[in-house]
Amino acid sequence: MSHIDSSQSSAGKIGESVKSASPGGCPVDHGATGLVSPTGCPVSHHAAAFDPFDGEYQVDPVEALRWSVDREPVFYSPKLGYWVVTRYEDVKAVFRDNILFSPSIALEKITPAPPEAEPILKRYGYAMDRTMVNEDEPAHMERRRLLLESFLPEAIASHEPAVRRLTREYMDRFVTKGKADLVAEMFWEIPLTVALHFLGVEKDGIEEMKQFGVAHTVNTWGRPSHDEQLKVADAVGRFWQVANRILDKMMAEPDGEGWMYFSIRQHFEHPDIVPLSYLRSMMLAILVAAHETTSKATTNAFRLLLSNRSVWVEICENPDLIANAVEECLRRAGSIIAWRRLVTKPTRIGEVEIPQGAKLLIVMTSANHDERHFENPYDLDLYRDNSVDHLSFGYGAHQCMGRNIARMETAAAMGPQPCIAIMDAVLAADITAIKKHAAAIAWANEPIGPILSNPELFAQINIQMEKLRIEAAG
Ligand code: HEM
């Protein structure tokens, strides 16, 4: 088993001097390439070839890094300039110690911008600063505590009826229409609507946000070409302006409902803990953090269910399994593949010495498939008793604040009956089942639209599964 600073079974003690893991100071030589890591250790062929922007990692990151989980759980990637960590215990231990492993680089551009991008961003007054996810202690925890209220279970539960109603409305639309692109017509828009409602942001500007959200993600995590960098800079600059326009309006009348209003009021009371720079940066970042993540997680969950039909049938028959199904889907295909940390003191992860200033790519999706922690990790197992241990929401002090909103949205799409039953019937194009479910539909005590009791129309329903636009890189 690989774990951080093996004598501690957790992250290395701060300031502790690091001893070599092997007489030569390097872990096992996995077949040298002539390349060396920043600590002078040989880089293996696999490590040298690893490129997260190309090839298998883009399609199936778990498979692409299986060799690492098995044989080289911590390695230096010369193409990325990061140390990559893939085993469950290591990834968890890195998350756990946010002092030794600072989150400050979490939103840093993974591909630095060319100098020409700077005047473009300046034109828009772009001044992205720390938010929450990339803030160090003690500022982070003070802020998190002050802003946590809206995420507490009872506050989240108050949104549930609206989320279920919305899900039902969206399903009604495509049922009436007779076919659906599940992503475009449901999994993209519902999380956006819920996110805006939760934040207290009005719907105007929604189209701009859709477009710019992608730009922010590419800006942070992508490898755009030189020309794309300039386009991305322009889009991010415009996104910044839209976000600021929204924020200014909200600040002028700060009594509204929603997390951003609450944050604005906390800013007025505690400007040292919730500074204006935070509000401006968070306004932009949270639109993506709350929307795209959830949208893709729900999409991935349904993709898994579509390819594991017997599991889906089980959920239909027993909606009590939905909560675990949500966790299992998050474990198998959460929407954030990997996260980042900066090493603040020399340390060791497993057998590998890591220097101060090293950047870490911690791969949650690999950790979620580590058989040292999850038995038969590739099975979608609704009865697994530790699914919830997955690291898709991170872990420790920075663990995702919105995780229960995301869970609620995916669960609402899965059921309880009749939602999943309808989709099941529709996908099966099974007229008998459709008739049965149409008859059983109660839609939470509201009358069903006439379409739902018309088997002929149901028979025409054709869910265009091929249109499920799964974005493997999350
Ligand atoms: C499936 C959906 C989601 C996934 C996979 C996800 C994932 C993550 C991850 C990996 C982190 C960093 C954790 C760490 O550093 O330990 C994070 C942080 C965060 N997430 Fe999410 N997230 C999701 C949905 C949401 C939603 C819906 C919201 C808000 C409405 C949200 C708000 C936040 C915030 C505020 C943080 C920063 C917490 C902190 O640093 O203290 N997330 N999320």
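Residues numbered from 1 in each chain as written. Predicted model: local features only at pLDDT ≥ 70, side-chain atom pairs only at ≥ 80, totals over all residues. Heavy atoms only, no water.

1. Considerations on the pairing of strand β10 (residues 359-363)
Next, step 1: Where burial is concerned, most of β10 is hidden: four out of the five residues are buried.
Next, step 2: Pairing of strand β4 (residues 82-85) with β10, which is carried by three bridges, proceeds in the parallel orientation. Directly across from V85, in β10, lies its bridge partner I362.
Next, step 3: Note: strand β7 (residues 338-343) against β10, five bridges, orientation antiparallel. By the bridge assignment for β10, R341 is matched with L360. (Buried < 20%, exposed > 50% of the residue type's maximum accessible area, 1.4 Å probe, protein only. Helix = DSSP H or I, 4+ residues; strand = E, 2+ residues; numbered from the N terminus. Pairing = 2+ DSSP bridges.)

2. Here we look at the coordination of the iron atom of the ligand
Next, step 1: No protein donor other than C400 (SG) coordinates the iron atom of the ligand, and that contact is at 2.3 Å.
Next, step 2: Considering the arrangement of structural elements, one finds C400 in the loop between α18 (364-367) and α19 (403-414). (Donors = N, O, S within 2.8 Å, 3.2 Å for Na, K, Ca; no water.)

3. Considering the confidence of the model for the chain
Next, step 1: Here the chain averages 82 in pLDDT, while 79% of its residues score no lower than 70.
Next, step 2: Across residues 5-23 the pLDDT falls below 50, and counting only partners more than four positions away or on other chains, this stretch makes 41 contacts in the model.
Next, step 3: Predicted confidence is poor over residues 438-474, with pLDDT under 50, and the contacts of this stretch with residues over four places away or in other chains come to 70 contacts. (pLDDT = per-residue confidence, 0-100. Contact = heavy atoms within 4.5 Å.)

4. Considerations on the sheet that holds β7
Next, step 1: On the basis of which strands lie adjacent, the open sheet formed by five strands has the order β3-β4-β10-β7-β5 and mixed pairing. The open sheet terminates on both sides in strands that have one partner only, identified here as β3 (74-77) and β5 (101-102).

5. A look at the side chain of E409
Next, step 1: If you trace the backbone, E409 turns up in helix α19.
Next, step 2: The side chain of E409 is buried and forms no salt bridge, while R164, the nearest opposite charge, is found at 12 Å.
Next, step 3: If sequence neighbours within four positions are ignored, E409 has contacts with V163, I190, P191, V194 and T294. (Lys, Arg positive; Asp, Glu negative; His and termini not counted. Salt bridge = Lys/Arg side-chain N within 4 Å of Asp/Glu carboxyl O.)

6. Observations regarding the site of the ligand
Next, step 1: As a structural note, the neighbourhood of the ligand is formed by 31 residues, with H140, R144, R341, H398 and C400 the closest of them.
Next, step 2: Within the side chain of H140, one N or O atom sits 2.7 Å away from an oxygen atom of the ligand.
Next, step 3: For the ligand, an oxygen atom lies 3.3 Å from a polar atom in the backbone of Y395.
Next, step 4: At the level of elements, α7 (139-147), α15 (276-306), β7 and α19 are the ones that each hand at least two residues to the shell around the ligand.
Next, step 5: When residues in the shell around the ligand are grouped by element, the largest group, seven residues, is from α15.
Next, step 6: Here the shell around the ligand is built from residues that sort into 20 nonpolar, nine polar and two charged. (Near = heavy atom within 4 Å. Polar contact = N/O pair within 3.5 Å; in protein donor to acceptor, adjacent residues only side chain to side chain. Nonpolar A, V, L, I, M, F, W, Y, C, P; charged D, E, K, R; others polar.)

7. Here we look at the packing of aromatic side chains
Next, step 1: In this structure the tally under the stated criterion is 12 aromatic pairs.
Next, step 2: Ring centres of F50 and Y57 lie 5.4 Å apart, and the angle between their planes is 90°; this geometry places the pair in the edge-to-face category. In terms of burial, F50 and Y57 fall into one category: buried.
Next, step 3: Taking the centre distance of 5.5 Å and the plane angle of 90° together, the rings of Y88 and F374 count as edge-to-face. Of the two residues, Y88 is situated in helix α5 (residues 88-96) and F374 in the loop between α18 and α19; the sequence distance between them amounts to 286 residues.
Next, step 4: For Y88, a relative accessible area of 1% gives the class buried.
Next, step 5: By the ring-pair criterion, three or more aromatic residues cluster together here, those being F50, Y57, W67 and F75.
Next, step 6: For R331, the ring lying beneath its charged end belongs to F374, and the centroid distance is 5.1 Å. (Phe/Tyr/Trp six-rings, centres within 6.5 Å; stacked < 30°, edge-to-face > 60°. Lys NZ or Arg CZ within 6 Å of the ring centre and 35° of its normal.)

8. Details of α15
Next, step 1: Relative to the 45 Å expected for 31 residues at 1.5 Å per residue, α15 spans 45 Å between its end C-alpha atoms, a close match to the ideal helical length.
Next, step 2: Its maximal kink placed at A285, α15 deviates by approximately 35°.
Next, step 3: For α15, the tally of buried residues reaches 24 of 31 residues, placing the bulk of the element in the interior. (Expected span 1.5 Å × (residues − 1). Bend = angle between axes of the 7 residues up to and from the residue.)

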